[in-house]
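Structure assessment
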Amino acid sequence: MLNVKPSWKNWQLLTEKGRQIWAFKPKSNNINEHLLNVASVTDEDIIQFAVDFQFDKSSNPNSGDKVFRHAAINANFQEFSGQPPQESNADQQQVTDALVKGINYFSYLQSEDGHWPGDYGGPLFLLPGLLIASYLTESPFPKAHQEMMKLYIFNHQNSDAGWGMHIEGESTMFGTVMQYVSLRLLGVDKSHEQLASAREWIKNNGGATGIPSWGKFYLAILNCYDWQGFNSLFPEMWLFPKWLPVHPWRYWCHSRMVYLPMAYCYAQRIKAPETALILSLREEIFNEDFASIDWPKQRNALCEKDSYTQLSPVLKWMNFFTNTYEKFKSTWLREKATAYLLKYLNAEDAQTDYINIGPVNKAINSISIWHAYGKDSEQFKKHVARWYDYLWIAEDGMKMNGYNGSQLWDTAFATRAILESDLGKLFPETIAKSYKFIELSQIKAEHPTHGEFFRHPMIGSWPFSTAENGWPVADCTAEGLSATLAINHSGLIKPIIDEQRIQQAVDVILSYQNADGGWATYELSRAPKWLEKLNPSEVFADIMIDYSWTECTAACVISLLEIQETYPAYKNSEIRKAISSGIEFILNQQKSDGSWYGGWAVCFTYATWFGVEAISKAKGKSYFDDAVLMTSINKACSFLVDHQKADGGWGETFESCSKLVYSEAADSQVVNTAWALLTLMAAEYGDNTAIDMGINVLLNKQVASGDWSQESISGVFNYNCMITYANYRNIFPIWALSRYRQRFASK
Ligand code: LAN
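Here goes a summary of the coordinates provided. (Residues numbered from 1 in each chain as written. Predicted model: local features only at pLDDT ≥ 70, side-chain atom pairs only at ≥ 80, totals over all residues. Heavy atoms only, no water.)

**Examining the overall build of the protein**
Using the following cut-off: Each helix is a run of H or I in the DSSP string that is no shorter than four residues. Each strand is a run of E no shorter than two, and both are numbered from the N terminus. Computation of the radius of gyration draws on C-alpha atoms, with the globule rule given as 2.2 Å multiplied by the number of residues to the power 0.38. Any residue under 20% of the maximum accessible area for its type is buried, any over 50% is exposed, and the rest in between are partly exposed; the area is computed with a 1.4 Å probe on protein chains only. Contact between two residues is taken to exist if any of their heavy atoms lie within 4.5 Å; hydrogens are not considered. All accessible-area figures derive from a Shrake-Rupley calculation using a 1.4 Å probe, and residue coverage is judged against the displayed protein chains alone. Charge counting follows a simple rule: Lys and Arg are positive, Asp and Glu are negative, and His as well as the terminal groups are ignored. Charge coordinates come from a single atom per side chain, which is NZ of Lys, CZ of Arg, CG of Asp or CD of Glu.
In terms of helices and strands, the protein carries 26 helices and 6 strands. Its C-alpha radius of gyration of 25 Å places the protein within 12% of the 27 Å reference for a compact globule of 747 residues. Relative to its full complement of 747 residues, the protein shows a buried share of 65%. The contacts of the protein with a sequence gap of at least 6 include a subset with a gap of at least 24, amounting to 75%. About 26,600 Å² of surface is accessible on the protein, with carbon and sulfur atoms providing 52% of the total. Side chains of the protein carry 65 positive and 82 negative charges; the gap between the two charge centres is 4 Å.

The following block contains the structure:
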């Protein structure tokens, strides 16, 4: 039995069709009723929360998802009862046994609907946005939730009293002011010791005027910052003709969908009433007297600890014009722009069933819709109901996830990992459940307004999280398709995803290929590279355009290669061309040291795995010159072997992502080790010792239950913000062991 602390038991994860809701002492398992009868929290409960959610950030800032996992395991865990295959020697037997144990353990984490729930926290600037929305709209979270949020924020305070952008990051003004304000909104008194020291941090680093623009925005909403200190968001830009290169339809969809509600709030200059709390906050976070601050001068003020990208001179010029325009703007045009923004916001809400594309626009859309239609409107109520889809509980408290989950992504990877070796067939029920979820998540219809609001056609695609979120992603489609093919080939289940639906997925993937041969994330690259010069965020890089990425490209190429094997007749020459130019893109991305930079996980080991996996799969099939492919693969393998640690594993820190150079972790990490091993095995690397040593690291690090411990953070976005993928510590070791086993089992 795993240790479940008393108050962990009071929180229960309800799931349905991928939706994940943490309910406090729920009276029923009906997910739709989780808000109807939230049990009231007693003083004893609160005292017990503080004991049970004590978390020592200094030993590892990453929680191990124990609240969910321990409950799931204790509910019905059983050792594997079947007969694992008998191998011909003790070493091989050890691998097979570890694999059986690893899959068996992981199968108990799968929810009834077939997906693998998991912690998707990491960024620290998300929950504050939601808390500001809840404060402004006077829609408080239940007390139990509030207490858990406080604990989370306190638990993640750094030793210097500030907070970072994400749980592993050094303190920044953005991180610190946002958490400070959140704790105050949650009712913590300013005399609290941890708040007093945080205030010191803020003061010593120049005060909140130096908060980056996204922070300025949230503070302005709270009425703790003057809108005049905020560069104009020029709402009229949304009325530009579509052919203009700066029209927002060309932006990366995440930027587009964040700057959309921001522009609405800016146009309306939404701000909270001046309550005693707000007046006090104004005194707490600035070094100057609030009334005396020269606001226009603060527009580009930035604490140096926050500076990641530089605002370009072009952007500064543009800001000059748009800020000046604010003084002379036409009311008629402003109203027209605002009406358009609202229409667009409604469309995004309808298209995502109020989940929205992500955690940032979730909060800001809620604010906009509340402003437009009021607290009692149906639209606003639907927004509030979806706040809970983003909340997650682990042993460090209640956090806001970076998405409404990573459901489809994890399920597709897990399925492929399990089915990589024949051993996966010992788990037919797990695969059957996965299949059900994958089937359910494939997008089957287009929104009526998809053309009007610039959405890429999506029938046949897969999203990252759930069908309800409904934003298709290129590489999620590829992973969904690869997992589907793997299940179909396993012969375990009668295929439900028929040929027509497979072809639709292929068509979507083809439609996503960029002119440079690569694949981006959610859409085609819609603007030239120079548009990045208009990136107004000081803390994220490359957010303006949807660029082609090594990982996304490799995933798409791999799935197309699989399609060519299974359905050679389908669009053969078109697919061949797509694969060849995809491979060329991947080759061009390879660095001279043989590695690839990873944009969506930490980091070089991740993208190098994708690069080599695609290239080695394409080898020998005349998509490309094999000599060129071999050189690329060999260079990649040398890179990895050069970075193998003395114990046989690999380890990278998140700084590989932000600094763009390989940054070695003190200890081997199972996730990096698994990626490196998958790569070397895909490459059929000649030196077995390197591989055997790596496998030993995975074996030695496996714990008795079959799990692996949570180590460092694995995911990233926009170079500078890290994000947790709790299931990676199981999926990738399982995958690497499966591949290793398949090598000896098939000999
Ligand atoms: C994700 C999560 C998944 C990820 C992969 C599929 C792994 C990747 O291969 C493509 C990009 C994608 C879909 C992705 C893009 C950026 C996201 C949506 C996130 C990292 C999850 C959270 C992040 C989002 C931008 C967070 C909100 C922050 C803003 C700056 C708006």
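**Quick look at the pairing of strand S3 (residues 391–394)**
Going by this rule: A strand pair is defined by DSSP finding two or more bridges across the two strands.
Burial along S3 is two-sided: the residues Leu391 and Ile393 and Trp392 and Ala394 are all buried. Judged from the 4 bridges that link them, S3 and strand S4 (residues 397–400) form a sheet pairing that is antiparallel. Counterpart to Ala394 in the pairing with S4 is Gly397. In this structure, the hairpin formed by S3 and S4 is closed by a connection of 2 residues.

**Focus on a nonpolar patch on the surface**
The cut-off we apply is this: What makes a patch is a set of residues exposed beyond 30% relative accessible area and free of salt bridges, joined within 9 Å when like-charged and within 5 Å when nonpolar (Val, Leu, Ile, Met, Phe, Trp, Tyr). Take a side-chain nitrogen of Lys or Arg and a carboxyl oxygen of Asp or Glu: if they are within 4 Å of each other, that pair is a salt bridge.
Together, Trp317, Phe320 and Phe321 make up a nonpolar patch on the protein surface, roughly 400 Å² of accessible area in all. Tracing the backbone shows Phe320 in helix H11 (residues 313–328).

**Some words on empty space enclosed by the protein**
Counted only if it meets this: The rule is simple: put a 1 Å grid over the protein atoms alone, call a set of points where a 1.4 Å probe fits but cannot get out a cavity, call an open set with protein on both sides within 12 Å along at least five of seven lines a pocket, and count a residue as lining if it has an atom within 4 Å of a point. Grid points are joined across faces, edges and corners, and a volume is the space filled by probe spheres set on the points.
For the structure on display, the rule yields 5 cavities of 30 Å³ or more. Looking at the largest cavity, its volume works out to about 600 Å³. The wall of the largest cavity is formed by 35 residues, among which Trp252, His254, Tyr522, Trp600 and Phe717 lie closest to the centre. Residue assignment for the lining of the largest cavity shows that the elements contributing at least two residues are helix H9 (253–268), helix H13 (359–373), helix H17 (474–490), helix H19 (550–566) and strand S5 (715–717).

**Observations concerning helix H6 (residues 173–185)**
Each full turn of the α-helix corresponds to 3.6 residues, which orients residues three or four apart in the same direction. To be explicit about the condition: How far a helix is expected to stretch is found by multiplying one less than its residue total by 1.5 Å.
The terminal C-alpha atoms of H6, which comprises 13 residues, lie 18 Å apart, in line with the 18 Å expected from a rise of 1.5 Å per residue. Most of H6 is tucked away: 13 of the 13 residues are buried.

**Notes on the site of the ligand**
As a reminder, the rule being used: Each residue is tested against the molecule or strand, and it is near if at least one of its non-hydrogen atoms lies within 4 Å. Here a polar contact is taken to be a pair of N or O atoms separated by no more than 3.5 Å, where protein atoms must pair a possible hydrogen donor with a possible acceptor and residues adjacent in sequence count only if both atoms sit in side chains. A molecule is counted as occupying a cavity or pocket when more than half of its atoms fall within 2 Å of that pocket's grid points.
Of all residues adjacent to the ligand, which total 21 residues, the nearest are Tyr120, His254, Gly402, Phe464 and Asp475. Asp475 is positioned with one of its side-chain polar atoms (N or O) 2.4 Å from an oxygen atom of the ligand. Surface burial for the ligand is 99%, taken as the share of its 630 Å² of free accessible area covered by protein chains. Judged by its atoms lying within 2 Å of the grid points, the ligand is housed in the largest cavity. Residue assignment for the shell around the ligand shows that the elements contributing at least two residues are H9 and H17.

**Things to note about the pattern of salt bridges**
Under the criterion given, the structure shown has 36 salt bridges. The salt bridge partner of Asp389 is Arg386, with a shortest N-O separation of 2.7 Å. On the basis of relative accessible area, Asp389 is assigned to the buried category, the value being 3%. Notably, a salt bridge pairs Arg739 with Glu613, separated by 2.8 Å at the nearest N-O pair. Within this pair, whereas Arg739 is found in helix H26 (residues 728–745), its partner Glu613 is found in helix H21 (residues 604–618), the two being separated by 126 residues in sequence. Its relative accessible area of 9% is what places Arg739 among the buried residues. Exposure remark for Glu613: the relative accessible area of 11% places this residue in the buried category. Salt bridges sharing partners connect three or more residues here, namely Arg19, Asp353, Arg386, Asp389 and Glu468.

**Section: unusual backbone geometry**
Of note, the bond from Val602 into Cys603 is cis; its omega dihedral lies within 30 degrees of zero at -25°. Structurally, Cys603 can be placed in the loop between helix H20 (572–589) and H21. Residues other than glycine seldom take positive phi values, yet Arg269 does so here, at roughly 45°. In this fold, Arg269 is placed in the loop between H9 and helix H10 (276–284). At Asp542, a position not held by glycine, the phi torsion is positive, near 50°.

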